[in-house]
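Take a look at the letters that make up each chain.
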Amino acid sequence: MAHKLSLFLALITIISCTSGIVIKEQTSNNEAIKRDTIPAFQKILDSANVSGSILVYDAVKDIFYSNDFDRCEIGHLPASTFKIPNSIIALETGVIADDSTMIRWDGQKRRLPAWEQDLVFRDAFHYSCVPCYQEIARKIGVARMKEYLEKLDFGNMIVDSSSIDLFWLEGDSKISQFEQVDFLYRFYHSRLPVSKLTGEIVKRMMVIEENDTFKLSGKTGWSVRNGNNNGWFVGYLEKGADVYFIATNIDPKVEFNMELFTVIRRQISMQAFRAMGIM
């Protein structure tokens, strides 16, 4: 009896020391999650000629905001949002030494001119250089990739020798918006089983905008499956002592101008923050 009691107390101690959210467990019980529907989010999406959902987590108030919570639980290919965990794994395995590690261009024609040059790691991240990260994934290898994906608990990634450099862009890999926010929350609060240095490097690489009012960090993603485009913006906004995590996932409507898809995902996310009065 005393032994069982000591185990119970130890468990309570562990739980109390991990203040915050465990979103994957909470999504199975809607009553455990504090949610608030924001109609303005839907208006933002409609005005942009896209369908989708925006999920914002206020870590201070411990409450989620969205226009469509059901959709936020649906998994999608992570696309280039996977560059966040891929960067972490590359650093942890030593495939990449630091954010100034040079990745050489092989001289082959690439989809974007910005990719047709030697790039240091941090620039490969900012330019979202797909061939660079495919090379990194191949060097990590299937065994180590699977090992770290299990440790990081990043959605449900399906990877084998035939898909090691494509599984985040094609196939059956999936991650939901709730899972994206959960991962970002654990990453931000240094609760992933990785070194402090790795966390610091990747956090630096993720910074998109910083001024006297806020700091925005994140990553976009874009996948095409069966002719259907799907876009992401995931990240977090720091404003004073407050932190707001966001995962925006959208599908362009037929009349959408696809030339705008590269910028609309972040713009929608920023509009959501403004609609909440955060900016």
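This text goes with the structure placed above it.
Now for a description of the structure that goes with this document. Keep in mind the model is a prediction, meaning the values are calculated, not measured.

## Some remarks on unusual backbone geometry
You will see that Asn49, though not glycine, has its phi angle at about 65°, which is positive. Position of Asn49 among the secondary structure elements: in the loop between helix H3 (39-47) and strand S2 (50-58). A relative accessible area of 28% places Asn49 in the partly exposed class. With a phi angle near 55°, Asp62 is a residue other than glycine that sits in the positive phi range.

## Here we look at the sheet that holds strand S8 (residues 228-239)
Reading across from one edge, S1-S3-S2-S9-S8-S7-S6 is the order of the 7 strands in this open sheet, with mixed pairing throughout. The outermost strands of the open sheet, each flanked by one partner alone, are strand S1 (35-37) and strand S6 (207-210). For this sheet, the mean inter-axis angle between neighbouring strands, taken without regard to orientation, is 20°. Bridge count for S1 against strand S3 (residues 63-66) is 3 bridges, and the pairing is parallel. Residue pairing in the sheet places Thr37 in a bridge with Ser66 of S3.

## Observations concerning the packing of aromatic side chains
The full count for this structure, using the stated rule, is 16 aromatic pairs. A ring pair is formed by Tyr57 and Tyr185, whose centres lie 6.1 Å apart and whose planes are at 75°; its orientation type is edge-to-face. Pair noted here: Tyr57 is in strand S2 and Tyr185 is in helix H8 (residues 177-188), with a separation of 128 residues, a long-range link. Taken individually, Tyr57 and Tyr185 each receive the classification buried, so the pair is uniform in this respect. With a centroid separation of 4.8 Å and 70° between ring planes, the pair formed by Trp222 and Phe261 is classed as edge-to-face. Here Trp222, found in strand S7 (residues 215-225), pairs with Phe261, found in helix H10 (residues 261-275); they are 39 residues apart in sequence, far enough to count as distant.

What counts as what
- Residues numbered from 1 in each chain as written.
- Predicted model: local features only at pLDDT ≥ 70, side-chain atom pairs only at ≥ 80, totals over all residues.
- Heavy atoms only, no water.
- Helix = DSSP H or I, 4+ residues; strand = E, 2+ residues; numbered from the N terminus.
- Buried < 20%, exposed > 50% of the residue type's maximum accessible area, 1.4 Å probe, protein only.
- Pairing = 2+ DSSP bridges.
- Axes fitted to C-alpha atoms, helices over the stretch in contact; angles between N-to-C directions.
- Phe/Tyr/Trp six-rings, centres within 6.5 Å; stacked < 30°, edge-to-face > 60°.

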